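Structural overview for review
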Amino acid sequence: MRATVRDVATLAGVSPKTVSNVINGGVAVRPETRERVERALADLDYVPNLSARGLRNGRSGAIALTLPAIASAYSAELAQWFVELARERGWVVQLDQTASDPERERELVSRARAHLVDGLILNPVTLSASVLASTEGLPPTVVIGEVEPEHVDQVHVDSSAAGEQVTAYLLARGHRRIAVVGAARATDPTATSELRERGHRAALAAEGIAADPALRVPLSSWSTSAAATAFAAWLDEHPLPDAVIAFTDSIAFGVLHVLAARGVRVPEQVSVIGFDDVDGAAYAIPALTTVSFDRRAFATAALDLLTRRIEDRQAAPETVVIPHRIVERESVSRR
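These remarks concern the structure in this document.

**Some details on helix α8 (residues 191–206)**
For α8, built from 16 residues, the straight-helix expectation of 22 Å at 1.5 Å per residue is met to within 8% by its first-to-last C-alpha distance of 23 Å. Every buried residue belonging to α8 is among Ala 191, Thr 192, Ser 193, Leu 195, Arg 196, Glu 197, Gly 199, His 200, Ala 203 and Leu 204, and all of these are buried. Gly 208, located one to two residues past α8, shows a positive phi value of around 75°.

As structure tokens, this is what we get:
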């Protein structure tokens, strides 16, 4: 049978209330007492009864985090921070992916309305089809990413500013024909692609350069394989660009693969820059110049907003913008 709080209390020689204080946090417990309780918890292999806890305080002790695709390096690194930081707050994280399907978002919202989770952290890719297009009856929710719904808490990086910054960075180094891999598709464009491309065009316009539609490379998905396939097909029909802006590092890895396979030297012949600064970016050949931001700060801000929203459903919505910077490595040259 599963050990109870009373069993743990008996073994540790403390009251059940003290055990609850150790498990739930928020109440100071003497270090030596905490050590005895934690030893008893481990010895009895105690597992909290979240269902019973939920009956008492109306909380499940779980939150849901959904990302468009959890297989990417960026999603995996971000999810890791959410799981670790939520655990420090006493939350279990239910991880899901929408595969850009709004119906999956609706399922998550239904789960929250049924009190199976206390709140949601959603990463929609478009607003028009998202459940967030209507906020009526929405449970405690924080949006991460570039979709900007009204009346919902949000954490994001300024993708338009980042797109403008990386383009200006390349222009300042003498690059003029800059291909954009991951450009917005004609149908169902993502908010991220639209904003980064908007910034790209703004930087070109500031230098009096007209945006060339021939330098746009839309993708069926933002994966390394899709990027490699699409960029190879694009190179078959177009001359080498001066530089490539890849809208994620995973996309950049596909671009680097195609260029290496064709004997094109990076950065001597083509410069490449990515977004996200995933762990593998520093170990690409050559090491990838990319846009970086603090993912721990990103996850912390989102969990702070969700905590506030759970405690106060009427609080005014808040948006937190996480700073970004360009990490210079070997994949960009001067011309």
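**Things to note about the sheet that holds strand β12 (residues 324–327)**
Sheet strands associate in pairs through backbone hydrogen bonding, adopting either a parallel or an antiparallel arrangement. Spatial ordering of the open sheet is given by β7-β6-β8-β9-β10-β12, a layout of six strands whose pairing is mixed. Whereas interior strands pair on both sides, the edge strands pair on one side only; in this sheet they are β7 (216–218) and β12. Each neighbouring strand pair of the sheet contributes to a mean axis angle of 20°, computed without reference to strand direction. Note: strand β10 (residues 289–293) against β12, four bridges, orientation antiparallel. Residue pairing in the sheet places Phe 293 in a bridge with His 324 of β12. Sitting on the sheet, α8 touches β6 (178–183), β7, β8 (243–246) and β9 (271–275), and the angle it makes with β6 is about 165°. Here helix α9 (residues 224–237) sits on the sheet and contacts β6, β7 and β8; the angle it forms with β7, its principal contact strand, is near 145°.

**Here we look at the packing of helix α5 (residues 73–88) against helix α11 (residues 295–311)**
For the pair α5 and α11, the least separation of the axes is 9 Å and the interaxial angle reads 50°. Taken as axis vectors, α5 and α11 run oblique relative to one another. In this structure, α5 meets α11 at a crossing whose hand is right-handed. For the pair α5 and α11, contact is made by Tyr 74, Glu 77, Leu 78, Trp 81, Phe 82, Leu 85 and Ala 86 and by Arg 295, Arg 296, Phe 298, Ala 299, Thr 300, Ala 302 and Leu 303, respectively. For the contact of α5 with α11, the residue count by class is ten nonpolar, one polar and three charged.

Rules used throughout
Residues numbered from 1 in each chain as written. Predicted model: local features only at pLDDT ≥ 70, side-chain atom pairs only at ≥ 80, totals over all residues. Heavy atoms only, no water. Helix = DSSP H or I, 4+ residues; strand = E, 2+ residues; numbered from the N terminus. Expected span 1.5 Å × (residues − 1). Buried < 20%, exposed > 50% of the residue type's maximum accessible area, 1.4 Å probe, protein only. Pairing = 2+ DSSP bridges. Axes fitted to C-alpha atoms, helices over the stretch in contact; angles between N-to-C directions. Contact = heavy atoms within 4.5 Å. Parallel < 35°, antiparallel > 145°, perpendicular 65-115°, else oblique. Left-handed = near helix turned anticlockwise from the far one by under 90°. Nonpolar A, V, L, I, M, F, W, Y, C, P; charged D, E, K, R; others polar.

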